[in-house]
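Overview (structure and organization)
In case you want the letters, here they are:
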Amino acid sequence: MGRSKVKYMPIQSKGSMKRKAKMYIAGLAGLGLIVLVSIYNCTSGEGRQADDQKCFFCDFAHRRQGPPPVLEVETSEYVIFKDKYPAAKHHYLAIPKEHFDSLKALNKSHVGLVRRMEQGMIEFLRSKNVDPNEAIVGFHLPPFISVRHLHLHGIYPPADMSFGNRISFMPSFWFKKSNDAIRELEDREL
């Protein structure tokens with residue numbers, strides 16, 4: 001009688017499965033970025049909208065439509081509120097009351113506004129017992145923006161962030177820390 005051969009499949013280690021899961025998530029994040037680029041490129045116009053009536057962040061900042069988020073901080077120039085889809089326990093957005101699509105629409109004359117937004121975010125994070133040096137504070141860059149209204153992220157703790165969010169908010173060509181954004185604006189022409 002002949003013996004039948006039994007094939008044994010190697011058992012994947014947990015480390016191997018985790019690597020595959022991370023690659024899958026990174027692939028999905030990449031696909032999401034491609035979709036954002038496509039949407040932005042299909043709808044991009046001027047860096048500053050002439051009609052801010054169509055921008056829900058403008059509505060939040062000017063309390064035009066409800067229910068707006070709770071405004072944690074309000075100044076004559078900007079507001080700070082909790083992100084609707086937080087990447088960590090503390091995830092806040094600072095948005096100017098004047099409409100700008102993104103950092104791309106700003107120049108050297110806007111350095112003061114961006115500095116005040118950054119300082120306001122830092123002070124607000126401190127009021128939540130967050131060390132600003134441990135927080136992520138910065139801007140996404142076009143075309144990798146989800147809402148076409150300039151917004152500064154303040155996120156803490158980074159350890160709470162998913163793998164995809166860690167990629168999305170790491171300093172790169174799609175995300176710029178606020179101090180780097182300010183340095184770049186200082187070099188732009190008026």
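Being a predicted model, the structure only gives us computed values, none of them experimental.

Consecutive side chains of a regular strand alternate in pointing toward one face of the sheet and then the other. With five of five residues buried, strand β4 (residues 136-140) lies mostly within the body of the structure. Inspection of the sheet shows β4 paired to strand β5 (residues 152-156) by three bridges, in the antiparallel sense. Each residue of the ladder has a partner; that of Gly138, found in β5, is His153. Across three bridges, the pairing between β4 and strand β6 (residues 175-177) is antiparallel. Each bridged residue has a counterpart across the sheet, and for Gly138 the counterpart in β6 is Lys177.

Turning our eyes to something else, we now look at the layout of surface pockets. Each pocket or cavity is described by its volume, and for the second largest pocket that value is around 190 Å³. If you trace the second largest pocket, you find it lined by Glu118, Ile122, Arg126, Pro132, Asn133, Ala135, Ile136, Val137, Lys177, Ser178 and Asn179. Top contributing element to the lining of the second largest pocket by residue count: helix α3 (residues 111-127), with three residues. Its residues assigned to classes, the lining of the second largest pocket comprises five nonpolar, three polar and three charged.

Extensive coverage of strand β3 (residues 90-96) is indicated by the burial of seven of its seven residues. Both faces of β3 are covered, namely the face carrying His90, Tyr92, Ala94 and Pro96 and the face carrying His91, Leu93 and Ile95. As paired strands, strand β2 (residues 78-82) and β3 are joined by five bridges and run antiparallel to one another. Across the sheet, Ile80 pairs through a bridge with Ala94, a residue of β3. In the sheet, β3 pairs with β5 via five bridges, with the strands oriented antiparallel. Bridge assignment links His91 to a residue of β5, and that residue is Ile155.

Conventions adopted
Residues numbered from 1 in each chain as written. Predicted model: local features only at pLDDT ≥ 70, side-chain atom pairs only at ≥ 80, totals over all residues. Heavy atoms only, no water. Buried < 20%, exposed > 50% of the residue type's maximum accessible area, 1.4 Å probe, protein only. Helix = DSSP H or I, 4+ residues; strand = E, 2+ residues; numbered from the N terminus. Pairing = 2+ DSSP bridges. 1 Å grid on protein atoms, 1.4 Å probe; cavity = no way out; pocket = protein on both sides within 12 Å on 5 of 7 lines; lining within 4 Å. Points joined across faces, edges and corners; volume = space filled by probe spheres on them. Nonpolar A, V, L, I, M, F, W, Y, C, P; charged D, E, K, R; others polar.

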